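Commentary on secondary and tertiary structure
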Amino acid sequence: MNKKILILAVGIVLTFSVYGQKANINTKPYPYSNPIIKHMYTADAAPHVMPDGRVWMVTSVDSDNGGGYSTMHCYHTFSSADMVNWIDHGEVLNVWDVLGAKEEPEGEDWALWAPDMAYYEGKYYLYFPVRIVHTENGYEEGKRKVTSYIAVAVSNSPDQKFKVINPKIEGTRGIDPAVFIDDDGEKYLYFGSHWGAKLADNMKELASDPVKMDVDDKNFMEAIWMNKRDGKYYVSYHAHYGKPVDPDNPDDPKRMKSLLDYGISANPLGPFKHVGTMNYELGVNVNDGPKYPGRNYVPWRLTQSNHGGIVEYHGKEYLFYHTSALSSWRQDEFKAEGNWTQRSVCVDEIKYNPDGTIVPVQQTVSGVEKVTIDQPFEIVLYEGKKELNENKPIKYEKIDLGTGYYYFGLKASQVTKPVKVEIRLDAPNGQLIGTLIIKGNGDCETMLRNANGVHDVYLTVNDNFKEKVVFNAPRFFAGSPKKVKQ
Ligand code: FUB
């Protein structure tokens, strides 16, 4: 290296160290599969299977220039057809879309933290925390005043800009919204310190008073997520840190780990029974990954933020979380920790014990195997018109739902009154996999859970529905991924 370049490089490193920031000076390709997004910093992934049969996630974005959480000013969406190759669909919302002006109001510091995204009746809804730090008293902990609540934006497509439709959902407080749609068609919004409420049909207001759910854990910190498996509701979240990590003894079980914990309930609003930890940092005893020079732990900062999201895709469940592995690579080529607020989304598989508890996910750098799907995008059950009424469930015999169909739809006609159509497996009162709410004539659809394998499929309406519903072209869809524009 010539002298001038050396002086410049030392200058850059010193400048960034003074301000606690490091530059991304290593341009070599990142050598591992996890994190899954390598060209930018991403955090707080919220994954869902959308009606095109792909897994989509919306993420927060940590600034390439560092600067910490207050520099998080936009969201990106990404999609994958195989859980390994991800397309960046670009920025879908930024803080100026929310502010409606070009600058932050004086004396305030706005940031966009962990979001979630939901599909409902043809539209995509992006829920995000509005977090305003009022700086008139400075930033000092205890003195500064922070206002936070949940807002929602809408788009016709998850790869396009979202437009704010409710800048403050009345009744919400805190950060980290998560949306959950149940098999019976009820929609829930979770936020802040384990608050939960029903979400209205318009997706932009609450339909019930928020309840502070009993999560049976005083250690709840943030990042709530809801998942349903075998009829049980799994609430997961980031637990409070314990004591600081001793870098010379990172294996100390009492060290300040960044843990995702979970609890189980029979009800989406709890009470939950705390079960334990479902994700530890990839800390020590690294078998298949890089190590801090001379040590047996990873070369990025032990203990940093984490945030989980779970999705089932063609027979396997996946945990999304984040680490600061990429910043350690881009800044220090794994020889030091990197900026810990520059996080990157990783994915590993979740496995369960026979009793339904989670086998804690060991973070890896190798990530997950590629998913291949060999089945049509949709299965149309019947082309002609049929009538559905209270006395007559409709049965479709031996339908092969393969490794999974994630949506069900039909075209309704002669609708005189809104009706709920339940989609059940193997018997008129068999396993409920989704509920279609027909509000009027035309196309309608709903998401499904556990729609896989070969089953008799039943469509039923509730007992007190005295009218009839006429429909045609009932279909399962999103059974294989569609291509999207890059
Ligand atoms: O990314 C900003 C904040 O850090 C999120 O809102 C929290 O969940 C944590 O990941």
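As the structure is a computational prediction, the values presented were derived from the model and not from experiment.

Here's the deal with the pattern of salt bridges
Applying the stated criterion across every chain, the model contains 23 salt bridges. The partner of Lys273 in a salt bridge is Asp216, and the shortest N-O contact between them spans 3.5 Å. Separated by 57 residues along the polypeptide, Lys273 in strand 17 (residues 273-280) and Asp216 in the loop between strand 13 (211-212) and strand 14 (220-229) bring together distant segments of the chain. Measuring nitrogen to oxygen at the nearest pair gives 3.7 Å for the salt bridge that ties Lys468 to Glu387. Of this pair, Lys468 sits in strand 31 (residues 468-477) while Glu387 is found in strand 24 (residues 385-389), placing the two residues 81 residues apart along the sequence. Via salt bridges that share partners, Glu121, Lys187, Asp201 and Lys439 belong to a single interconnected network.

Topic: the packing of aromatic side chains
If you walk through the whole model with that rule in mind, you get 22 aromatic pairs. Their ring planes at 70° and their centres at 6.1 Å tell us that Tyr30 and Tyr32 sit as a pair that is edge-to-face. Judged by centre distance (5.9 Å) and plane angle (90°), the rings of Trp86 and Phe320 are edge-to-face. Remark: Phe320 occurs in strand 19 (residues 316-323) and Trp86 occurs in strand 4 (residues 86-94); sequence separation between them is 234 residues. As far as burial versus exposure is concerned, Trp86 and Phe320 are alike and both buried. Through pairs of rings, three or more aromatic residues link up here, namely Tyr30, Tyr32, Trp300, Trp329 and Phe334. The lysine or arginine in question, Arg229, covers the ring of Tyr352, its NZ or CZ lying 3.6 Å from the ring centre. Sitting over the ring of Phe377, Lys482 keeps its end group 4.4 Å from the ring centre.

Topic: the site of the ligand
Taken together, 14 residues are adjacent to the ligand, and Asp44, Met72, Asp176, His307 and Arg343 come closest. In this structure, an oxygen atom belonging to the ligand sits 3.4 Å away from a side-chain N or O atom of Ser305. About the coverage of the ligand: the protein hides 98% of its 280 Å² of free accessible area. For the shell around the ligand, the class distribution of residues is 6 nonpolar, 4 polar and 4 charged.

Thoughts on the state of the cysteines
Going through the model one piece at a time under the given rule, you end up with 0 disulfides. Just so you know, Cys346 is unpaired, no disulfide at all, and the nearest cysteine sulfur is the one on Cys74, 19 Å from it. Since its relative accessible area comes to 2%, Cys346 is described here as buried.

Quick word on helix 3 (residues 325-332)
Extensive coverage of helix 3 is indicated by the burial of 7 of its 8 residues. Taken as a whole, helix 3 has its buried residues at Ala325, Leu326, Ser327, Ser328, Trp329, Arg330 and Gln331. Looking at the residues trailing helix 3, positive phi occurs at Glu333, about 50°.

Definitions and limits used
Residues numbered from 1 in each chain as written. Predicted model: local features only at pLDDT ≥ 70, side-chain atom pairs only at ≥ 80, totals over all residues. Heavy atoms only, no water. Salt bridge = Lys/Arg side-chain N within 4 Å of Asp/Glu carboxyl O. Helix = DSSP H or I, 4+ residues; strand = E, 2+ residues; numbered from the N terminus. Phe/Tyr/Trp six-rings, centres within 6.5 Å; stacked < 30°, edge-to-face > 60°. Buried < 20%, exposed > 50% of the residue type's maximum accessible area, 1.4 Å probe, protein only. Lys NZ or Arg CZ within 6 Å of the ring centre and 35° of its normal. Near = heavy atom within 4 Å. Polar contact = N/O pair within 3.5 Å; in protein donor to acceptor, adjacent residues only side chain to side chain. Areas by Shrake-Rupley, 256 points an atom, 1.4 Å probe, with all protein chains shown as cover. Nonpolar A, V, L, I, M, F, W, Y, C, P; charged D, E, K, R; others polar. Disulfide = S-S within 2.5 Å.

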